[in-house]
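Listed below, chain by chain, are the residues.
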Amino acid sequence: MSAAISKLRTGHVGLNVTDLTRSLAFYRDALGFGLLGEGKEDGRRFAFLGQDGELVLTLWQQADGAYAPASAGLHHLALSAGSMEEVRAYETRLRDLGVAFAYEGVVSHGEGAASGGIFFHDPDGTRLEISVPTGAEDASAPTTGAPTCGFF
């Protein structure tokens, strides 16, 4: 690579939502993101969410319907936790809030994999994952022949 071109990394993720108020509450209350900025004008509602002042996620109220797994675009949003204990704490918080899970509890990313986590859906049905690279060695894999995060 030349000096003018460096390695890219993800800056933030933008999600279309059907109801900004509902989605903002979910990502703030369930996942702990802070509100960094918001647009409240009719027809142009959005929210910038982050952690420690850094933008992580933008929500755009411009979707006409729920998440469609068969459509091109976002497959799922994977979030990394610092430890398996954090993953389990999020699982408890999400269950207390009545969030729909794709699998029962912590699962591994594949047969014999050390990585794994929880898989669930936001209010619009967008597929989400909170995982860690190690700590799921004793967890089962709910699918065979493909990564757990591939078809949920």
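Our structure is the block above this text.
In this report, the structure presented in the accompanying data block is examined.

1. Focus on the side chain of Asp124
Part 1: Along the polypeptide, Asp124 turns up in the loop between strand S7 (116-121) and strand S8 (127-132).
Part 2: Owing to a relative accessible area of 7%, Asp124 belongs among the buried residues under this scheme.
Part 3: Within the structure, the side chain of Asp124 is placed 2.4 Å from the side chain of Thr18, a separation counted as a polar contact.
Part 4: A polar contact of 2.7 Å, which involves the side chain of Asp124, links it to the side chain of Arg22.
Part 5: Among residues more than four places away in sequence, those in contact with Asp124 are Val17, Thr18, Asp19, Arg22, Ser23, Ala66 and Tyr67.

2. Looking at helix H1 (residues 20-30)
Helical geometry: 3.6 residues make up each α-helical turn, so side chains three or four residues apart lie on a common side.
Part 1: Looking only at H1, the buried set comprises Leu20, Ser23, Leu24, Phe26, Tyr27 and Ala30.
Part 2: Structurally, the start of H1 carries an N-cap: the backbone nitrogen of Thr21 is 3.1 Å from a side-chain oxygen of Asp19.
Part 3: Where H1 ends, the next residue or the one after it, Gly32, has phi of about 85°, a positive value.

3. Let's talk about the packing of H1 against helix H2 (residues 84-96)
Any two packed helices are characterised by how steeply their axes cross, that is the angle between the axes, and by the distance between the axes.
Part 1: Relative to each other, H1 and H2 sit at 140°, their axes nearing to 10 Å. Comparing the axis directions of H1 and H2 gives the class oblique. When H1 is examined against H2, the residues Phe26, Asp29 and Ala30 are found in contact with a partner set consisting of Tyr90, Arg93 and Leu94.

4. Remarks on the packing of aromatic side chains
Part 1: Counted according to the given criterion, the structure contains eight aromatic pairs.
Part 2: Here the aromatic rings of Tyr103 and Phe152 are separated by 6.3 Å at their centres, their planes lie at 50°, and the arrangement is tilted. Taken together, the positions of Tyr103 in the loop between H2 and strand S6 (107-108) and Phe152 in the segment after S8 put the pair 49 residues apart, joining distant regions of the chain.
Part 3: In this structure Tyr103 comes out as buried when scored by relative accessible area, which is 13%.
Part 4: Seen from their ring centres, Phe119 and Phe152 are 5.2 Å apart, and the 65° between their planes marks the pair as edge-to-face. Taken together, the positions of Phe119 in strand S7 and Phe152 in the segment after S8 put the pair 33 residues apart, joining distant regions of the chain.
Part 5: On the accessibility criterion, Phe119 (0% relative accessible area) is buried.
Part 6: In textbook terms, an aromatic cluster arises when at least three aromatic residues are bridged by ring pairs, as seen for Phe46, Phe48 and Trp60.
Part 7: Lying over the aromatic face of Phe152, Arg127 brings its terminal NZ or CZ to 5.1 Å of the ring centre.

5. Focus on the nonpolar core
Part 1: Phe26, Tyr27, Leu31, Leu94 and Phe120 are the most contacted members of the largest nonpolar core, which totals 28 residues.
Part 2: At the level of elements, strand S1 (13-17), H1, strand S3 (46-51), strand S4 (54-61), strand S5 (77-80), H2, S7 and S8 are the ones that each hand at least two residues to this core.
Part 3: Sorting elements by how many residues they give to this core places H1 first, with five residues.
Part 4: Counting residues in hydrophobic clusters, the runner-up holds five residues, among them Tyr103, Val107, Cys149 and Phe152.

Analysis parameters
- Residues numbered from 1 in each chain as written.
- Predicted model: local features only at pLDDT ≥ 70, side-chain atom pairs only at ≥ 80, totals over all residues.
- Heavy atoms only, no water.
- Helix = DSSP H or I, 4+ residues; strand = E, 2+ residues; numbered from the N terminus.
- Buried < 20%, exposed > 50% of the residue type's maximum accessible area, 1.4 Å probe, protein only.
- Polar contact = N/O pair within 3.5 Å; in protein donor to acceptor, adjacent residues only side chain to side chain.
- Contact = heavy atoms within 4.5 Å.
- Axes fitted to C-alpha atoms, helices over the stretch in contact; angles between N-to-C directions.
- Parallel < 35°, antiparallel > 145°, perpendicular 65-115°, else oblique.
- Phe/Tyr/Trp six-rings, centres within 6.5 Å; stacked < 30°, edge-to-face > 60°.
- Lys NZ or Arg CZ within 6 Å of the ring centre and 35° of its normal.
- Core = buried A, V, L, I, M, F, W, Y, C linked by side-chain atoms within 4.5 Å.

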